[in-house]
Amino acid sequence: MNARAATAELEWKPWLVRAAAIGSGSAVVLLIVPIAWLTILGRDDGRIGDGPLFNAIGAIGILSTAGVGSFLALRRPANAVGWLLIALGLVWGLGGLGDLYGRYGLLARDGDLPGALEAATLAQNTWPWLFALLALIVVSFPEGRPVSRGRRRIAVAAAAAGLLTCASGIAVGDDLDPPLEDYSAAFAFLGGAWQAAVFVGVCGLLAAVIAASVDIVRRLRRARGVERRQLTAFAYGALLVPASISFCFILNAVVDIGDLGVGLLLGGAIVLLPAATAVAILRYRLYAIDRIVNRTVVYGVLTALLGAAFLLLVVSLTRLFATVQDDPSPLATALATVIVTAAFLPVRARVQRAVDRRFARRRFAAVSMVEQFATRLRNDREPPERIGAVLAEALRDPGLVVAFPRLRGAELLDPYGAVAKGLPECTTTIVGPAGEPTALLLHDAVLDEDPDVLGAVTAAARLPLEIARLRVEVRGQLEDVRASRARIVAAQDAERRRVERDIHDGAQQRLVALALSLQVARRRHESGEGVDLGALLDQTSAELGAAVEDLRELARGVYPAVLREDGLAEALRALARRTPVPVTVAADLPRLDAGLEAAAYFLASEAVTNVVRHAAASTLTITAEHDGVRLYMSVIDDGIGGADASRGSGLAGLADRFAALGGSMRVVSEPGRGTSVSGELPCES
Amino acid sequence: MRTLVIVDDHAGFRSSARELLELDAFEVVGEAGDGAAALAAVARLAPEVVLLDIGLPDMSGFEVSERLALAGTGTIVVLVSSRSPDQISVRATRCGAAGFIAKDDLSGAALEALLAGAA
């Protein structure tokens, strides 16, 4: 039956699953009652229990495996790991109970309890199942069943070897283990030659356990993302059990922490494996597990180091002061406290680095790569633009792109100021406040599965990113200024060409034609032909008048005299007077800086020229307002709209002029809704 | 009488020039306001001389002159402009034109002198 079918069936009868999970778990937990009872009955006989220490450890182990197993089975009934943990607790509990019952019955009650020998025999043959179940749990983790052919083979081998070892151990029989070495096993119906089967079974068990261990290490190496988290949590649990057992024994050898202390420590260690298993399966999205383990190790090591330093200091200082005064201990304690306190932070930093290097190698390597870059950056040995390449290398995502949102314009820029583009299907991580991000990282979605690494690396990269962003911004502004300067120069040249053209086509042509007609008159006069002097003078006077008007027009276009002499308001009224469309002018202004007045005036005159040429407007309103801080200019018409502000150099040149004065201008021109050209300039009157 | 076509986009100049040159025994056989019309007029009228303004709306007088030279019409091209002579491009000497006269210096005598020098 595959897992999907199992799940479906289990969903069908949830009460049954719940009952099975709770019932089997509780049954195992209840085994503690007779175990405790037998322990109390046999407490005076040293041969019956293994002492309070190992009883406590056993009890904790049974309770934690059954408890966690039952919890897992309730939450993930389709996952075999929960049920296997319950079975582990059951085997452990039954083995312990049978052993105690056998010892109590045979040793304390001289065999008058029923089935004591049988119970002892069976109990002494339960151990193969502990190993077989362990291997089964490992190969079933975390999917809940052995999903690959290799893992299925290990599972079958473990179960077969467990069965063979257990069954042949019972069937062959022999003397029981101490302290029941004087008794022979209960069911010896096979000859001694079958001892070989026991041997084969043990070898099989050993092979299965080793194969399962190798398999999980290989899977851990290959795993990515969520599976890696699960396996890591599981591996931490598995690692901490033997580690804390060794630590406990070493500690007990150095300082007498008493049986209770050892019991608590060992019990705690044994609880870790099922606990880590449960965390891995149920809460693998609880990414902080790495950090919790990391912190635990850091503070554990720190406490041990500082505690030892403290003790050493108190002892040596006490000895030292004893030669000087009678009761030196408070002083010695105080001094030692000060020294140890002072050592706390630097020692903590070192321990943290050491632990990071060992337990969070990836994060450690990535963060230190970025930190080293930041140091080289401070020392001027790297350009900040390299931050993108450094982050790509640190996070092992060659496609990673650092992008800065530009203040103006929607496009993203990379640290070199080019348009930034992430790979298709990349995800975005925002660095800095969401409203005003320092930078965006466009990266492979797989990095999101390691938010710890990503978070630590981006935190370390914050300053270099900020520097790179500022450089991009400054470069962008510089480019804008350069472009605007070039446009201003170009506009100036265009303006000169226009003036040259106007002179050439206007006044100059009129004057040339006039010169020719005067030549004709002279030739006629010389040749004695009659010349109509009145007509000639009328024509000449008219041509000269027209030429003067052309030149006036030209001079006004270059810089209106009324603007220079009477200011913006009068110049706007003069502009209105000579415009063929009716114009309303609202301008009540003091005299302002000549540059500002000129910019505002040319905005109006350019807009009015465009309206007359293109807008087909019937009215036009020019408004100029000054609030003491800024000058606001607008020209609004009721024409056809649809003007393109980027077309035609006149308005673009004006935008540069406004920008150069620290102001801004804009054109709003929706088709059919008229056109509004407006601008504002900072100015103090 | 030499036949002449006047090419200029300013009608005022064309009429003044026609009046002046006709006094000096030139026969103005046609006028044109831009380069295309000039090419058509020369092809149709085959004048001895074409008085050609440099700044025409559709193409420059240089280009008109080059095309006439390529077409091998035999018409003598005289460039005119209201610009001062120091502002005339070096193209004036390479476009096949016989010479240049500033508009305000234009007269039958000046034109005759230039044609005599070219011949």
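Conventions adopted
Residues numbered from 1 in each chain as written. Chains lettered and ligands numbered in written order. Predicted model: local features only at pLDDT ≥ 70, side-chain atom pairs only at ≥ 80, totals over all residues. Heavy atoms only, no water. Helix = DSSP H or I, 4+ residues; strand = E, 2+ residues; numbered from the N terminus. Buried < 20%, exposed > 50% of the residue type's maximum accessible area, 1.4 Å probe, protein only. Contact = heavy atoms within 4.5 Å. Areas by Shrake-Rupley, 256 points an atom, 1.4 Å probe, with all protein chains shown as cover. Patch = residues over 30% accessible without salt bridge, like charges linked within 9 Å, V, L, I, M, F, W, Y side chains within 5 Å. Salt bridge = Lys/Arg side-chain N within 4 Å of Asp/Glu carboxyl O. Lys, Arg positive; Asp, Glu negative; His and termini not counted. Charge placed at Lys NZ, Arg CZ, Asp CG, Glu CD. Core = buried A, V, L, I, M, F, W, Y, C linked by side-chain atoms within 4.5 Å. Buried area = accessible area lost by both parts, 1.4 Å probe. Polar contact = N/O pair within 3.5 Å; in protein donor to acceptor, adjacent residues only side chain to side chain. Nonpolar A, V, L, I, M, F, W, Y, C, P; charged D, E, K, R; others polar. Pairing = 2+ DSSP bridges. Axes fitted to C-alpha atoms, helices over the stretch in contact; angles between N-to-C directions. Expected span 1.5 Å × (residues − 1). Phe/Tyr/Trp six-rings, centres within 6.5 Å; stacked < 30°, edge-to-face > 60°. Lys NZ or Arg CZ within 6 Å of the ring centre and 35° of its normal. Arc of directions from axis to C-beta. Parallel < 35°, antiparallel > 145°, perpendicular 65-115°, else oblique. Left-handed = near helix turned anticlockwise from the far one by under 90°.

Caption draft 1: Geometry of the overall build of chain A. A count of helical and extended segments in chain A gives 21 helices and nine strands. Counting all 685 residues of chain A, 39% fall into the buried class. Considering only residue pairs separated by 6 or more positions, chain A has 67% of its internal contacts joining residues 24 or more positions apart. For chain A, the accessible surface area stands at approximately 37100 Å², while carbon and sulfur atoms represent 61% of it.

Caption draft 2: Highlighting a positive patch on the surface. Residues Arg145, Arg149, Arg152 and Arg153 of chain A make up a contiguous surface patch of positive charge. Looking at the element boundaries, Arg149 of chain A is found in helix 8 (residues 149-172).

Caption draft 3: Geometry of the nonpolar core. Residues and elements named next belong to chain A. By size, the foremost hydrophobic cluster in this structure holds 36 residues, and its most contacted members are Leu568, Leu572 and Met633. At the level of elements, helix 19 (568-577), helix 20 (594-615), strand 6 (620-626), strand 7 (630-637), helix 21 (649-660) and strand 9 (676-682) are the ones that each hand at least two residues to this core. Broken down by element, this core gets its largest block of residues, 12 residues, from helix 20. Ignoring sequence-local partners within four residues, the contact set of Leu568 consists of Leu563, Leu589, Glu597, Ala600, Tyr601, Leu631 and Met633. Membership of the second largest hydrophobic core comes to 27 residues, among which are Ala366, Ala394, Val431 and Leu441.

Caption draft 4: Local environment of the pattern of salt bridges. Counted under the stated rule, the structure contains 33 salt bridges over all chains. Close ionic contact of Arg673 of chain A with Glu670 of chain A constitutes a salt bridge, the shortest N to O distance being 3.6 Å. With a shortest N-O distance of 3.7 Å, Asp53 of chain B and Lys103 of chain B are connected by a salt bridge. Taken together, the positions of Asp53 of chain B in strand 3 (residues 49-53) and Lys103 of chain B in the loop between strand 5 (99-102) and helix 5 (108-118) put the pair 50 residues apart, joining distant regions of the chain. Here Asp53 of chain B matches Lys103 of chain B in class, with each residue buried. A network of salt bridges, in which partner residues are shared, links Arg14, Arg18, Glu22 and Glu31 of chain B.

Caption draft 5: Summary view of a nonpolar patch on the surface. Residues and elements named next belong to chain A. On the surface, Trp127, Phe131 and Val202 cluster together into a nonpolar patch covering about 250 Å² of accessible area. Along the chain, the position of Trp127 falls in helix 7 (residues 127-140). On the basis of relative accessibility, which here comes to 35%, the residue Trp127 falls in the partly exposed class.

Caption draft 6: Quick look at the interface of chain A and chain B. Listed by partner, the interface residues are 13 residues for chain A and 15 residues for chain B. With both chains or domains summed, chain A and chain B bury close to 1400 Å², and 57% of this area falls on carbon and sulfur atoms. Taken as a group, Gln509, Leu516 and Arg523 of chain A account for 37% of the area that chain A buries against chain B, more than any other trio of residues on that side. Linking chain A with chain B are two salt bridges. Arg524 of chain A is the partner of Glu19 of chain B in a salt bridge, and the nearest nitrogen-oxygen pair spans 2.7 Å. Applying the counting criterion to the chain A and chain B interface returns six residue pairs in polar contact (both at pLDDT 80 or more). Of the residues assigned to the side of chain A that touches chain B, the class counts are four nonpolar, five polar and four charged.

Caption draft 7: Highlighting the sheet that holds strand 4 (residues 439-443) of chain A. All names here are of chain A. One open sheet holds the four strands; their spatial order is 2-1-4-3, and the pairing between them is antiparallel. Either end of the sheet is taken by a strand with one partner, and the two such strands are strand 2 (412-413) and strand 3 (427-431). In this structure, strand 1 (residues 401-405) lies alongside strand 2, joined through two bridges in antiparallel fashion. Across the sheet, Phe404 pairs through a bridge with Leu413, a residue of strand 2. Contacts from helix 16 (residues 451-526) reach strand 1, strand 2, strand 3 and strand 4, with the element oriented near 55° to strand 1.

Caption draft 8: View of helix 17 (residues 533-558) of chain A. All names here are of chain A. Between its first and last C-alpha atoms helix 17 spans 37 Å; for 26 residues at 1.5 Å apiece the expected length is 38 Å, and the two agree. Taken together, the buried positions of helix 17 are occupied by Leu536, Thr540, Ala547 and Leu554. The elements touched by buried residues of helix 17 are helix 16. Two or three places before Gly534, at the start of helix 17, stands the capping residue Asp532, its side-chain oxygen 3.3 Å from that residue's backbone nitrogen.

Caption draft 9: A look at the environment of Leu31 of chain A. Along the chain, Leu31 of chain A falls in the loop between helix 2 (14-30) and helix 3 (32-41). In the structure, Leu31 of chain A is positioned 59 residues away from Leu90 of chain A in sequence and 8.4 Å away in space, judged by C-alpha atoms.

Caption draft 10: Broad picture of the environment of Leu100 of chain A. Residues and elements named next belong to chain A. Topologically, Leu100 is positioned in helix 5 (residues 80-108). For Leu100, a relative accessible area of 8% gives the class buried. In this structure, the C-alpha to C-alpha distance between Leu100 and Leu38, residues 62 residues apart in sequence, is 6.7 Å.

Caption draft 11: Inspection of unusual backbone geometry at higher detail. One non-glycine residue with positive phi stands out, namely Asp380 of chain A, at about 65°. Within the secondary structure, Asp380 of chain A sits in the loop between helix 14 (361-378) and helix 15 (387-394). Look at Asp380 of chain A and you get exposed, because its relative accessible area is 70%. A positive phi angle, close to 45°, is found at Ala46 of chain B, a residue other than glycine. Position of Ala46 of chain B among the secondary structure elements: in the loop between helix 2 (35-45) and strand 3.

Caption draft 12: Fine view of the packing of aromatic side chains. Here the structure, examined in full by the defined rule, presents two aromatic pairs over all chains. Centroid distance Trp127 of chain A to Phe131 of chain A: 6.2 Å. Interplanar angle 85°. Geometry classified as edge-to-face. Of this pair, Trp127 of chain A and Phe131 of chain A both sit in helix 7, four residues apart, which is roughly one turn of that helix. Ring centres of Tyr601 of chain A and Phe602 of chain A lie 5.4 Å apart, and the angle between their planes is 80°; on these two criteria the pair is classed as edge-to-face. Like Tyr601 of chain A, the residue Phe602 of chain A is buried in the burial classification. Cation over ring: Lys103 of chain B sits above Phe13 of chain B, and NZ or CZ is 4.5 Å from the ring centre.

Caption draft 13: Structural detail: helix 2 of chain A. Residue and element names in this part refer to chain A. In this model helix 2 runs 24 Å from its N-terminal to its C-terminal C-alpha over 17 residues, within 8% of the 24 Å that 1.5 Å per residue would give. Listed in full, the buried residues belonging to helix 2 are Val17, Ala21, Gly25 and Val28. Looking straight down helix 2, one finds its buried side chains confined to an arc of 60°; they lie on one side. The outward face of helix 2, more than 90 degrees from its buried face, is lined by the exposed residues Trp15 and Leu30.

Caption draft 14: View of the side chain of Thr75 of chain B. Residues and elements named next belong to chain B. Tracing the backbone shows Thr75 in the loop between helix 3 (61-71) and strand 4 (76-81). Within the structure, Thr75 has its side chain in polar contact with the backbone oxygen of Pro47 (distance 3.0 Å). Ignoring any residue separated from it by four or fewer positions in sequence, one finds Thr75 in contact with Val42, Ala46, Pro47, Glu48, Val49 and Val50.

Caption draft 15: Expanded view of the side chain of Asp637 of chain A. Residue and element names in this part refer to chain A. When you line up the elements, Asp637 lands in strand 7. In terms of polar contacts, Asp637 uses its side chain to reach the backbone amide nitrogen of Gly639, at 2.6 Å. For Asp637, the contacting residues outside a window of four places in its chain are Val611, Ala615, Ala617, Thr619, Leu620, Gly674 and Thr675.

Caption draft 16: Representation of the packing of helix 3 of chain A against helix 5 of chain A within the structure. Residues and elements named next belong to chain A. The interhelical angle for the contact between helix 3 and helix 5, taken along N-to-C directions, is 30°, at an axis separation of 10 Å. Between helix 3 and helix 5, the crossing angle belongs to the class labelled roughly parallel. Here the hand of the crossing between helix 3 and helix 5 comes out left-handed. Contacts between helix 3 and helix 5 involve Pro34, Ile35, Leu38, Thr39 and Leu41 on the former and, on the latter, Gly93, Leu97, Leu100, Tyr101 and Tyr104. Across the contact of helix 3 with helix 5, the residue classes break down as eight nonpolar, two polar and no charged.

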